[in-house]
Amino acid sequence: MKTISPLAIVPFVSVDNMMRLVLSVGVERFLVELAAYIEEDFCRWPTFDKTPRIASHSVDGVIELMPTSDGALYGFKYVNGHPKNMREGKQTVTAFGVLADVGSGYPMLLSEMTLLTALRTGATSAMAARRLAPNSTSTMAIIGNGAQSEFQALAFRALLGIRDLRLYDIDPSATEKCRRNLASLGFAITVCRSGQEAVEGANVITTVTADKQYATILTDNMVGSGVHINAVGGDCPGKTELHRDILTRSSIFVEYAPQTRIEGEIQQLPADHPVTEFWEVLRGTAPGRTSPGEVTLFDSVGFAIEDFSALRYVRDKLAGTPFYQELDLLADPDEPRDLYGMLARAELAAT
Ligand code: NAD
């Protein structure tokens, strides 16, 4: 068989190795460091190639490709969103991704991204909330207690110090799972019987439900002045979580407006309704929260640059660890044009 040159070997991070990596760093430290990578990349926003993600919709869900490049590195994520999966014992969201060298086009890293998506989504939400939530933030409501929910809680504690949680899910077993996972980590948890009860006294409201419809997880009367809403679950055409009246009285912050206009809560608004891309707040070219009574909304859908940052972070963290396998992913024949010769020599060697 062919000799594998080091150039042709691509590190692969399996789910098992991602868990080892995350646990070796510590989940909350991982979230803080990852948020710093995302923030760094948001601050150089104009450097990136940007496009709304490429979505293939079906009756039950969506499969999406999320590419971006900063001119030196290229990254993409494959991700699905299938709310009905949960009823069949499968996950709503699964993902994997690739980081590549723009100079040669060779892939440099292949990684699971199901865990990494939950981590980067929590990190991004908390990074935005750090600039947008009211100063006195202490209590967060989490409506939707599925796969993403604990990562949201941990990111908000790691970046904003939030320890008091009010949990609600239409499925009490999801809330019990979330409560069990977080209670041992020192959170003060109130289990609620309705969304209305969950938002009482909360200065941050995270909605992270999965339903393939225009849902109304929050109505206008549930949102008091000064609240920050972290709307994570509405991320597809025809899949939203907030009543339109909340949007018209909120200051709305988005990742990449051309994608969020298609997929976010703001799909319910006219295409010229003013929104602020969050990178502008980080760069100081647009204001974040301007008054204590303002309702701020981070209309999160998940953008390719966050996944690029996550892959970049994982690549840097992997160095010197055993948390990857070496994949023989590239043909890379000794003589680059003799691809067939490589195959012919393999045949000879096999006989
Ligand atoms: P999940 O299926 O594991 O959990 C979703 C939970 O929502 C379930 O427990 C379900 O019972 C609950 N739910 C559904 N309808 C509800 C309602 N009306 N009220 C209260 N709870 C309700 O899904 P997940 O992986 O946690 O993802 C949640 C959502 O977040 C999905 O819609 C997903 O597409 C989205 N998501 C967004 C981003 C982003 O970057 N914005 C990233 C990842 C996932």
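Presented here is an overview of the structure given in this document.

About the criteria used
- Residues numbered from 1 in each chain as written.
- Predicted model: local features only at pLDDT ≥ 70, side-chain atom pairs only at ≥ 80, totals over all residues.
- Heavy atoms only, no water.
- Helix = DSSP H or I, 4+ residues; strand = E, 2+ residues; numbered from the N terminus.
- Rg over C-alpha atoms; globule rule 2.2 N^0.38 Å.
- Buried < 20%, exposed > 50% of the residue type's maximum accessible area, 1.4 Å probe, protein only.
- Areas by Shrake-Rupley, 256 points an atom, 1.4 Å probe, with all protein chains shown as cover.
- Lys, Arg positive; Asp, Glu negative; His and termini not counted.
- Charge placed at Lys NZ, Arg CZ, Asp CG, Glu CD.
- Expected span 1.5 Å × (residues − 1).
- Disulfide = S-S within 2.5 Å.
- Axes fitted to C-alpha atoms, helices over the stretch in contact; angles between N-to-C directions.
- Parallel < 35°, antiparallel > 145°, perpendicular 65-115°, else oblique.
- Left-handed = near helix turned anticlockwise from the far one by under 90°.
- Contact = heavy atoms within 4.5 Å.
- Nonpolar A, V, L, I, M, F, W, Y, C, P; charged D, E, K, R; others polar.
- Pairing = 2+ DSSP bridges.

Here the focus is the overall build of the protein. Along the protein, the regular secondary structure elements total 11 helices and 17 strands. Relative to the 2.2 N^0.38 estimate, which gives 20 Å for 351 residues, the radius of gyration of the protein is 22 Å and therefore close to what a compact globule would have. Viewed in the frame of its principal axes, the protein has a C-alpha envelope of about 75 × 45 × 40 Å. Counting the 351 residues in the protein, one finds 52% classified as buried. Total accessible area on the protein stands at roughly 15200 Å², and carbon and sulfur atoms take up 56% of it. Averaging the locations of the 32 positively and 43 negatively charged side chains of the protein gives two centres separated by 4 Å.

To continue, consider helix α10 (residues 304–318). End to end, α10 covers 21 Å across 15 residues, agreeing with the expected 21 Å (1.5 Å per residue, within 8%). Within the span of α10, buried status applies to Ala304, Ile305, Glu306, Asp307, Phe308, Ser309, Ala310, Leu311, Arg312, Tyr313, Val314 and Leu318. Remark: Gly320 follows α10 within two positions and exhibits a positive phi of approximately 80 degrees.

Evaluation of the coordinates by the stated rule reveals 0 disulfides. You can see Cys178 has no disulfide; the closest cysteine sulfur is in Cys192, sitting 12 Å from it. Of the residues examined, Cys178 reaches a relative accessible area of 0% and is grouped as buried.

Turning next to the packing of helix α3 (residues 114–132) against α10. Following both chains from N to C, one finds α3 and α10 inclined at 115 degrees, their axes separated by 10 Å at the closest point. Between α3 and α10, the angle falls in the class roughly perpendicular. Two packed elements cross with a definite hand, and for α3 against α10 that hand is right-handed. Residues Leu116, Thr117, Arg120 and Thr124 of α3 touch α10, and the partners they reach there are Glu306, Asp307, Ala310, Leu311 and Val314. Here the contact of α3 with α10 is built from residues that sort into 4 nonpolar, 2 polar and 3 charged.

Overall, mixed pairing links the 7 strands, which are arranged β2-β3-β4-β5-β6-β1-β17 in an open sheet. Both outer strands of the open sheet, β2 (54–57) and β17 (325–328), are each paired with one neighbouring strand and no more. Between one strand and the next, the sheet's axes are offset by a mean angle of 20 degrees, whatever the strand orientation. In this sheet, strand β5 (residues 95–101) lies alongside strand β4 (residues 73–81) in antiparallel orientation, the contact comprising 7 bridges. Within the sheet, the bridge partner assigned to Val79 lies in β5 and is Ala95. Along the sheet, α3 contacts β3 (62–69), β4, β5 and β6 (107–112); its crossing angle with β6, the most-contacted strand, is approximately 85 degrees.

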